[in-house]
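Structural overview
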Amino acid sequence: SDTMRIPLTARALGGTLFPQQAVHDACAADALARLGDDGSLWLKDRHSVYGILARTRIFRDLALAYLQAHPAGRVVNLGCGLSHYFQWLDNGQARMTDADLPDVIALRRELLPPPGERHDLAELDLCQPGWWDRLGLPPGRDAAPVFLMSEGVLMYLRPEAVAAILAEFGARAPAGSVFAFDAMCWLAAGRARQHPSVRHTQAEFAWGPRRTGDLARAHPRLRLAQAHEVMAPYGWPYSVIGPTSRLFLGVPFYALYELRAGDD
C-alpha cells in the first residue's frame, strides 16, 4: 500500500507526458490533490508513468472483453489501492468489488466517490487463505465465470503467498474465469532500491516468475492464456530489453499475465 501514490499520479497527470496513453481517470487528480501530493516526485520516473498508463489500458481492455461476453459478470480487483476501474466498466449490469487491506479501504472511502448499488468495497488480506469465500465469489465451479485482477500487488508478496493465491484461484474459479496480474521478473526481487519510484517507498520486490510456464503450475486447472509485454510500445530501450530478457532471463522483464481456469 506504500506505493499507491505512484499509479494515482500516473493516472491523474501522466497524460501530460504521454497524451496517446492517457486513461482519462475522472477521480485520480482530485484524490491526489486531497493527499497533498503534487505528483512531481513520481512524474520524474517517465518509464513508470508510461508503464502504469499502458497496464491500466490492458487491464481495462481485458475486463471490458470479459464483460462483453458476460455483461452481468463479476469483476474483482484484488489489492485495488486507489484505482477506480468501475468508472470505465459500469455497463449497467456488471458488479465490481474493490478489495484491499482495511487501512486502504478506509482511505478510499475518504478520497474516492462512494460505491454504488453494483459496486462494493471489501476489507481483505489476500495473503490469508480463504479469500475466495470471504469475497462471496461463486461457491461452485459450475457458476458463471468471474474476472479477477491484481495490479502492482503480487510482485511485493513472498513466493509462497503468490503460489497460494494462484492455487486458490485454480481450485475455486468457475471454468472460463480469468485472473490478470502484472509482475516483474525474478531478477527484480530484492532490488526495489534500484527502481526510480519504488525506492522512495518502504516496499520491496519479493517475487517474480522464472519461466512463464511456472505460473500455471500452482494448480492443474490453470493455463497461461497470454503474456502482455507492457513496455514494448515505449520503444528504446525496451525494444531491445524485451527480446533480450526473454532470451537470458526466461521471461519478460515486466509483463501483464492472463491466467485462465479450465475444466477438470
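Our structure is the block above this text.
Some remarks on the nonpolar core
- Residues V75, Y85, L89, F147, F205 and L256 are the most contacted members of the largest nonpolar core, which totals 39 residues.
- Of all the secondary structure elements, the ones that give two or more residues to this core are α1 (5-13), α4 (46-69), α5 (86-89), β4 (146-150), β5 (178-184) and β7 (254-261).
- In this structure F147 touches F59, L62, A63, Y66, R74, V75, V76, V178 and A180, once residues within four positions along its chain are discounted.
- Ranked by size, the runner-up nonpolar core spans 35 residues in total, among them W132, L137, L148 and V162.

Some points on the sheet that holds strand β6 (residues 222-228)
- Strand order in the open sheet formed by 7 strands is β3-β2-β1-β4-β5-β7-β6, with mixed pairing between adjacent strands. Lying at the two open borders of the sheet, with one neighbouring strand each, are β3 (119-123) and β6. Put simply, the sheet's adjacent strands are angled 20° from each other on average, direction ignored.
- Here 4 bridges tie strand β1 (residues 74-78) to β4, and the two strands are oriented parallel to one another. Each bridged residue has a counterpart across the sheet, and for V75 the counterpart in β4 is F147.
- Packing of α4 onto the sheet brings it into contact with β1, β4, β5, β6 and β7, and relative to β4 it is tilted by some 170°.

Considerations on the packing of α1 against α4
- Relative to each other, α1 and α4 sit at 80°, their axes nearing to 9 Å. With respect to each other, α1 and α4 are oriented roughly perpendicular. Within the contact between the two elements, α1 uses I6, P7, A10 and R11 and α4 uses V49, I52, L53, R55 and T56.
- Of the residues that constitute the contact of α1 with α4, the class distribution is 6 nonpolar, 1 polar and 2 charged.

Topic: the layout of surface pockets
- Considering only enclosed or pocket space, the second largest pocket measures out at about 150 Å³ in volume.
- As for the second largest pocket, its lining consists of P159, V162, A163, L166, W207, G208, P209, R210, D214, L215, R217 and A218.
- In terms of residue class, the lining of the second largest pocket is built from 8 nonpolar, 1 polar and 3 charged.

Conventions and cut-offs
Residues numbered from 1 in each chain as written. Predicted model: local features only at pLDDT ≥ 70, side-chain atom pairs only at ≥ 80, totals over all residues. Heavy atoms only, no water. Core = buried A, V, L, I, M, F, W, Y, C linked by side-chain atoms within 4.5 Å. Buried < 20%, exposed > 50% of the residue type's maximum accessible area, 1.4 Å probe, protein only. Helix = DSSP H or I, 4+ residues; strand = E, 2+ residues; numbered from the N terminus. Contact = heavy atoms within 4.5 Å. Pairing = 2+ DSSP bridges. Axes fitted to C-alpha atoms, helices over the stretch in contact; angles between N-to-C directions. Parallel < 35°, antiparallel > 145°, perpendicular 65-115°, else oblique. Nonpolar A, V, L, I, M, F, W, Y, C, P; charged D, E, K, R; others polar. 1 Å grid on protein atoms, 1.4 Å probe; cavity = no way out; pocket = protein on both sides within 12 Å on 5 of 7 lines; lining within 4 Å. Points joined across faces, edges and corners; volume = space filled by probe spheres on them.

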